[in-house]
Amino acid sequence: MRDRWFTSPVETAVGPAVVENLAVRDSHLSVNGKWLTTGPAGARLLGAVGRAAKRARGKPAAVEELNAFFSEASKNTQDLPLWDADISGLDFVIEARNLKNYFHFVRETFAILSLIAELKNFTGRIVIVAKDRDVPAFVQAHIAAIFPELEDRIVVEQAPARFKRALIAHYSDTSYVHDRGNWIDGLIPAHQDLSDGQVGTNLARIIYLNSFQRSLRTLREAAFKRIEGMSFDYLPKRFWVSRRAGQGNDRTIENEGQILRQLAPLGFRQILFEDLSPLEQVGIMRDADMMVSYHGAGFTNMLYAGSQARIIELGTLQTARQRLDDFAAFVHVSRADYTVAVADFPEEFGTSIPPMRGHGIYSVRMSEAAIANLVGLIQSF
């Protein structure tokens with residue numbers, strides 16, 4: 001992991017930008033016919049291009065092509081023009097990859113509403129462009145709870161979509177790589193290839209692992225403001241998070257009942273985030289002493305954790321290798337204590353390691369020895 005960590009997590013800027021000839025297609029954004037390589041849509045684009053290049057020409061060629069792209073971008077870096085005209089009649093467009101997934105909703109859509117709430121003289125619509133035809137109830141509930149003033153201005157349109165002129169969130173994450181004149185001294189360790197401007201095919205993931213977007217911080221602040229003065233003493237301070245199985249997507253941890261029986265004497269109660277209101281989810285995390293669960297979208301709520309919280313995620317070798325960057329930004333914002341534990345694969349695999357890709361996320365299994373180690377870790381705090 002030494003080749004992936006920066007010396008410190010950093011906050012990346014996100015702000016409104018006026019663009020012309022905007023197109024939203026296949027979870028990507030283009031402006032005047034050029035694809036954006038920043039933000040969540042840009043991360044997906046870089047990932048898709050890198051994977052396609054590796055399949056077609058091999059990894060060395062893919063890396064060389066990405067390095068050439070960022071090198072050329074560095075030579076053409078220039079300040080963006082400032083928009084000083086009226087924005088009152090413009091739409092604010094948010095590309096949403098997946099509204100049905102709580103993780104993607106919060107990081108890529110919900111957080112941007114906190115920036116829109118700051119905008120003065122903005123009177124237009126908030127257009128969420130998504131592939132989903134139906135907006136899940138939890139999306140509507142969270143918007144109504146945290147941003148009720150924006151609720152009636154939100155419309156959902158189907159992708160692909162085009163806009164002659166609109167506002168979007170402009171991210172300064174991957175663009176940091178080709179803006180060498182404004183690098184933070186010592187942020188990227190000298191032993192890493194990135195310190196020499198060598199961009200690998202996992203650039204976006206490395207940035208996600210080491211940074212958080214300003215919009216996540218402002219979302220946390222907006223949520224805390226909504227629960228100011230509210231008491232959540234009826235909710236546990238120590239809890240195990242379970243989840244209801246979706247159709248064809250049951251990743252319930254094996255031995256969950258046994259784990260719960262051993263955690264109960266330590267003051268733990270079982271909860272399901274979907275049984276709590278949005279404000280209760282914020283409140284229980286703000287006041288939490290300890291949260292334990294297995295890998296899943298519920299760790300998105302680390303965004304609202306207090307700095308006193310200790311959070312333990314039970315995963316597998318697969319999630320440790322491929323998903324470590326998923327929730328990093330949320331804990332960077334909250335500054336909670338976050339432990340990722342590598343547990344076993346499902347019992348059907350025995351001592352074999354199953355394929356890491358092409359299967360989806362495997363469920364987690366905890367042997368009796370692993371449960372004992374978990375209990376010992378909790379008791380050591």
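Residues numbered from 1 in each chain as written. Predicted model: local features only at pLDDT ≥ 70, side-chain atom pairs only at ≥ 80, totals over all residues. Heavy atoms only, no water.

Student: Let's hear about the pattern of salt bridges: which residues, and what values?
Tutor: In this structure the tally under the stated criterion is 19 salt bridges. The partner of Arg165 in a salt bridge is Glu20, with the nearest N and O atoms 2.5 Å apart. Here Arg165 is found in strand S8 (residues 161–171), whereas its partner Glu20 is found in strand S2 (residues 14–25), with 145 residues between them in sequence. Residue Asp26 is joined to Arg25 by a salt bridge in which the shortest nitrogen-to-oxygen separation is 3.6 Å. Connected via shared salt-bridge partners are Arg44, Glu95, Arg107 and Glu108. (Salt bridge = Lys/Arg side-chain N within 4 Å of Asp/Glu carboxyl O. Helix = DSSP H or I, 4+ residues; strand = E, 2+ residues; numbered from the N terminus.)

Student: So what's going on with helix H7 (residues 256–263)? Which residues, and what values?
Tutor: The complete set of buried residues in H7 reads Glu256, Ile259 and Leu263. One side of H7 holds all its buried residues, which, seen down the axis, span an arc of 60°. Check the buried side of H7 and you find it contacts strand S10 (238–242), strand S11 (269–272), strand S12 (290–294) and helix H11 (368–380). (Buried < 20%, exposed > 50% of the residue type's maximum accessible area, 1.4 Å probe, protein only. Arc of directions from axis to C-beta. Contact = heavy atoms within 4.5 Å.)

Student: Go over the sheet that holds strand S14 (residues 337–342) with me, naming the residues and quoting the values.
Tutor: Hydrogen bonds between backbone atoms are what pair the strands of a sheet, whose relative direction is either parallel or antiparallel. Read from one edge of the open sheet, five strands run S11-S10-S12-S13-S14, paired in parallel fashion. Each of the sheet's edge strands pairs with one partner strand only, and the pair in question is S11 and S14. Looking at each pair of strands side by side, their axes are set apart by 25° on average, direction ignored. Where S10 and S12 come together, four bridges link them in parallel fashion. Residue pairing in the sheet places Phe239 in a bridge with Met291 of S12. Relative to S10, H7 is tilted by about 175°, and along the sheet it contacts S10, S11 and S12. (Pairing = 2+ DSSP bridges. Axes fitted to C-alpha atoms, helices over the stretch in contact; angles between N-to-C directions.)

Student: So what about the pairing of strand S5 (residues 92–96)? Which residues, and what values?
Tutor: Burial of S5 is extensive: five of the five residues sit out of reach of the surface. Here S5 shows no split at all, with Phe92, Ile94 and Ala96 on one side and Val93 and Glu95 on the other all buried. Taken together, the five bridges between S5 and strand S6 (residues 126–130) define a ladder with parallel strand orientation. From the neighbouring strand, Phe92 faces S6, where its bridge partner is Ile126.

Student: Break down the nonpolar core for me, citing the residues and quoting the values.
Tutor: By size, the foremost hydrophobic cluster in this structure holds 63 residues, and its most contacted members are Phe110 and Leu113. With 10 residues, helix H3 (residues 102–116) is the single largest residue contributor to this core. Non-local contacts of Leu113, meaning those with residues more than four positions away in its chain, are made with Ile94, Ile126, Ile143, Phe147, Leu150 and Ile154. One finds Trp240, Ile253, Val292 and Leu314 within the second-largest nonpolar core, a separate group that totals 18 residues. (Core = buried A, V, L, I, M, F, W, Y, C linked by side-chain atoms within 4.5 Å.)

Student: Describe a positive patch on the surface, and please don't skip the residues or the numbers.
Tutor: Taken together, the side chains of Arg51, Lys54, Arg55, Lys59, Arg97, Lys131, Arg321 and Arg357 define a basic patch exposed on the protein surface. Counting residues per element, the positive patch draws most heavily on helix H1 (residues 39–57), which supplies three residues. Turning to its location among the elements, Lys54 is positioned in helix H1. (Patch = residues over 30% accessible without salt bridge, like charges linked within 9 Å, V, L, I, M, F, W, Y side chains within 5 Å. Areas by Shrake-Rupley, 256 points an atom, 1.4 Å probe, with all protein chains shown as cover. Lys, Arg positive; Asp, Glu negative; His and termini not counted. Charge placed at Lys NZ, Arg CZ, Asp CG, Glu CD.)

Student: So what's going on with empty space enclosed by the protein? Residues and values would help.
Tutor: Scanning the model with the defined rule gives four cavities of 30 Å³ or more in all. Put simply, the largest cavity is a space of about 160 Å³. Considering the residues around the largest cavity, the lining is formed by 15 residues, among which Leu29, Pro40, Glu95, Ala169 and Tyr171 are closest to the centre. Counting only elements with at least two residues in the lining of the largest cavity, the list comes to H1, S5, H3 and S8. In terms of residue count, the dominant contributor to the lining of the largest cavity is S8 (four residues). Of the volumes computed, that of the second largest cavity is approximately 50 Å³. Forming the walls of the second largest cavity are Arg251, Tyr294, His295, Gly315, Thr316, Thr319, Ile361, Tyr362, Ser363 and Val364. Across the lining of the second largest cavity, the residue classes break down as four nonpolar, five polar and one charged. (1 Å grid on protein atoms, 1.4 Å probe; cavity = no way out; pocket = protein on both sides within 12 Å on 5 of 7 lines; lining within 4 Å. Points joined across faces, edges and corners; volume = space filled by probe spheres on them. Nonpolar A, V, L, I, M, F, W, Y, C, P; charged D, E, K, R; others polar.)

Student: Can you break down the packing of H1 against helix H2 (residues 59–75) residue by residue, with the values?
Tutor: Contact pair H1 / H2: the axes reach a minimum separation of 7 Å and the direction vectors enclose 140°. It follows from the interaxial angle that H1 and H2 lie oblique. Classified by chirality, the crossing of H2 by H1 is right-handed. On the side of H1, the interface is formed by Leu46, Gly50, Ala53, Lys54 and Arg57, while H2 contributes Lys59, Ala61, Ala62, Glu65, Leu66 and Phe70. In terms of residue class, the contact of H1 with H2 is made up of six nonpolar, one polar and four charged. (Parallel < 35°, antiparallel > 145°, perpendicular 65-115°, else oblique. Left-handed = near helix turned anticlockwise from the far one by under 90°.)

Purely geometric numbers; function is a separate question.
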